[in-house]
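# Residue-level structure breakdown
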Amino acid sequence: MMEMHCQSYRDTYGLRSRVARLFSVYGPELKKQLLWDLCTRLSAGESPLTLGGSGDELRDWTYVHDVVRALDVLAFQGDEACSTINIGTGNGTSVRDIARGVLNAWHSTPTGENMLGFTGKGRPGDPFSLVADPSRLEDLGFEWRMPLHDGIAAVVRWFRAQSVAEA
């Protein structure tokens, strides 16, 4: 709906705008989303971890520092009066693989499947796959810098450092 409002204001008032569609943003300081939830539960000693859905749901995980860089590119590039651009890598990663990555970073060694379970029931309205088409962003010369594995490890390190500081 907001994209339609932007288009309407362009047509009516000549206002230039850019709409950024963000995909599964994660990183240090973000206290929502799956990674924060997993770290909180691991810190509390919960095992096994049981998550909703099948674990096969795909999301396009985007590291917060890369997202900020992408927004900077959008603010200063492109000639279109009104445009919508996906801020996503175009790479779908399953919730199961993200959870395994957090578990492995938390324990510093690969963990077994018995530490992770899924209910098989997703939330109503959640799509199975939510992955960006990054072509318009890439046309502006944008390149992602943070590999997913390294980003997950950075979140775990940040969470643990924060927990120690609060103790």
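As a reminder, the structure under discussion sits directly above these lines.
Being a predicted model, the structure only gives us computed values, none of them experimental.

With that settled, consider the overall build of the chain. Secondary structure summary: the chain contains six helices and nine strands in total. Considering only C-alpha atoms, the chain reaches an extent of 55 × 35 × 25 Å along its principal axes. Counting only residues that meet the buried cut, the chain has 37% of its 167 residues in that class. A fraction of 86% describes how many contacts in the chain between residues 6 or more apart in sequence connect residues 24 or more apart. When the accessible surface of the chain is totalled, it reaches about 9,800 Å², and 53% of it is carbon and sulfur. Across the chain, the centroid of the 17 positively charged side chains sits 4 Å from that of the 21 negatively charged ones.

A surface patch of negative charge is lined by D133, E138, D139 and E143. Residue placement: D133 occurs in the loop between strand 9 (129–130) and helix 5 (135–139). The class of D133 is partly exposed, set by a relative accessible area of 47%.

Omega for the peptide link from S47 to P48 comes to -5°, which places this bond in the cis form. Mapped onto the secondary structure, P48 falls in the loop between helix 2 (33–43) and strand 3 (49–51). Here S24, not a glycine, exhibits a phi torsion of approximately 30°, which is positive. Looking at S24, the relative accessible area reads 17%, which means it is buried.

Here the focus is the side chain of T62. Here T62 is to be found in strand 5 (residues 62–63). T62 sits in the buried class, given a relative accessible area of 0%. Polar side-chain contacts of T62 include one of 2.5 Å to the backbone oxygen of F23. The contacts of T62, once residues within four sequence positions are left out, are F23, S24, V25, Y26, V67, I87, G88, T89 and W144.

Here we take up the pattern of salt bridges. Taken as a whole and judged by the stated rule, the model has eight salt bridges. Taking the shortest distance from any N to any O, the salt bridge between D11 and R10 comes out at 2.6 Å. For the salt bridge of D97 with R100, the shortest nitrogen-to-oxygen distance reads 2.9 Å. With D97 and R100 both in helix 4 (residues 95–107) and three residues apart, this pair spans about one turn of that helix.

Another point: the nonpolar core. Among the nonpolar cores identified, the biggest contains 25 residues, and L34, L35, L38, L51, V102 and L116 are the most heavily contacted of them. When neighbours within four sequence positions are excluded, L51 is seen to be in contact with L34, D37, L38, R41, V95, A99, L116, G117, F118 and T119. With ten residues, the next largest nonpolar core counts V25, V67, L74 and I85 among its residues.

What follows covers the sheet that holds strand 7 (residues 93–94). Spatially, 7-4-9 is the arrangement adopted by the three strands of the open sheet, whose pairing is mixed. Only two strands of the sheet have a single partner each, and these edge strands are strand 7 and strand 9. As defined by bridge partners, strand 4 (residues 58–59) adjoins strand 9 across two bridges and the pair is classed as parallel. Bridging across to strand 9, L58 finds its partner in S129.

What follows deals with the environment of Y63. Relative to the helices and strands, Y63 resides in strand 5. For Y63, a relative accessible area of 5% puts it in the buried group. With 23 residues separating them along the chain, Y63 and N86 place their C-alpha atoms 14 Å apart.

Rules used throughout
- Here the residue index of a chain counts from 1 through its sequence in written order.
- Given that this is a predicted model, residues contribute local features only at a pLDDT of at least 70 and side-chain atom pairs are listed and counted only at 80 or more, while totals for whole chains, interfaces and linings are drawn from all residues.
- By convention in this description, side-chain values take in all heavy atoms of the structure and omit both hydrogens and water.
- Put simply, DSSP marks the helices as runs of H or I at least four residues long and the strands as runs of E at least two long, and each gets a number from the N terminus on.
- Working definition: with a 1.4 Å probe on protein chains only, accessible area under 20% of the residue-type maximum means buried, over 50% means exposed, and in between means partly exposed.
- Note on definitions: a residue-residue contact is assigned when non-hydrogen atoms from the two residues lie within 4.5 Å.
- With residues, only the protein chains shown are counted as cover, and all accessible areas are computed by Shrake-Rupley using a 1.4 Å probe.
- Counted charges follow a simple rule, with Lys and Arg positive, Asp and Glu negative, and His plus the chain ends left uncounted.
- In this description, the location of a charge corresponds to atom NZ of lysine, CZ of arginine, CG of aspartate or CD of glutamate.
- Like-charged residues within 9 Å of one another, or nonpolar side chains (Val, Leu, Ile, Met, Phe, Trp, Tyr) within 5 Å, are grouped into patches, provided each residue has over 30% relative accessible area and no salt bridge.
- Take a side-chain nitrogen of Lys or Arg and a carboxyl oxygen of Asp or Glu: if they are within 4 Å of each other, that pair is a salt bridge.
- In protein, a polar contact requires one atom able to donate a hydrogen and another able to accept it; more generally it is a pair of N or O atoms within 3.5 Å, and residues adjacent in sequence count only if both atoms are side-chain atoms.
- By nonpolar core we mean a set of buried residues, namely Ala, Val, Leu, Ile, Met, Phe, Trp, Tyr and Cys, connected to one another through side-chain atoms within 4.5 Å.
- When DSSP finds two or more bridges between a pair of strands, those strands are recorded as paired.

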